[in-house]
Amino acid sequence: MSRPRRVAVVSPQTRLALARRSASGRQLVLPPDFDAPAARRAYLRQRRLVGVTLLALAALLLALPLLIATMPQLGTIRLAGIPLSWLLVGVFLYPLLLLAAVALLRRAERAERTR
């Protein structure tokens, strides 16, 4: 016995919206006071900030295991019964990631405002 044919059920509004979008083409509407060179400078500044932040986080993420490997006594020190090396990886790292995200957001917004 053959399986029944699969049919996609689509709302008529969705079908109309999809047909209109492909038929009309895409138009970019910019505000009259849009400054393309300033927007490009802000974009490049923000991209540079992201690159610096990612490099700093990558260095931190690579340095932490190296620190733990070179200093095995971190595994013997215990806080609340948990080895310090575990706390460094499991607890200490997340506030640093949050601080990096907040700092990046503030600096990116500042770069956008000073265009």
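Note that the structure is predicted; figures quoted are calculated from it, not measured.

A. Focus on the nonpolar core. Counting residues in hydrophobic clusters, the biggest one holds 5 residues: L64, L74, L84, L88 and L93. When residues of this core are assigned to their parent elements, the largest contribution, 3 residues, is made by helix α3 (residues 84-113). Leaving out residues up to four positions away in the same chain, L74 has contacts with L67, I68, P83, L84, S85 and L88.

B. A look at the packing of helix α2 (residues 36-70) against α3. Between α2 and α3, the shortest axis-to-axis distance is 10 Å and the interhelical angle comes to 170°. What the angle tells us is that α2 and α3 run roughly antiparallel. Here A42, R45, Q46, L49, V50, T53, L57, L60, L61, L64 and I68 of α2 come into contact with α3, specifically with S85, L88, V89, L93, L96, L97, A100, L104, R107, A108, A111 and E112. Classifying every residue of the contact of α2 with α3 gives 17 nonpolar, 3 polar and 3 charged.

C. Inspection of the confidence of the model for the protein at higher detail. Chain-level pLDDT for the protein is 81 on average; 80% of the residues reach the 70-or-more range. When pLDDT is averaged over each element of the protein, α2 comes out on top at 89 and helix α1 (residues 12-24) at the bottom at 63.

D. Local environment of unusual backbone geometry. Unusually for a residue other than glycine, A80 sits at a positive phi of about 55°. In this fold, A80 is placed in the loop between β1 (78-79) and β2 (82-83).

Rules used throughout
- Residues numbered from 1 in each chain as written.
- Predicted model: local features only at pLDDT ≥ 70, side-chain atom pairs only at ≥ 80, totals over all residues.
- Heavy atoms only, no water.
- Core = buried A, V, L, I, M, F, W, Y, C linked by side-chain atoms within 4.5 Å.
- Buried < 20%, exposed > 50% of the residue type's maximum accessible area, 1.4 Å probe, protein only.
- Helix = DSSP H or I, 4+ residues; strand = E, 2+ residues; numbered from the N terminus.
- Contact = heavy atoms within 4.5 Å.
- Axes fitted to C-alpha atoms, helices over the stretch in contact; angles between N-to-C directions.
- Parallel < 35°, antiparallel > 145°, perpendicular 65-115°, else oblique.
- Nonpolar A, V, L, I, M, F, W, Y, C, P; charged D, E, K, R; others polar.
- pLDDT = per-residue confidence, 0-100.

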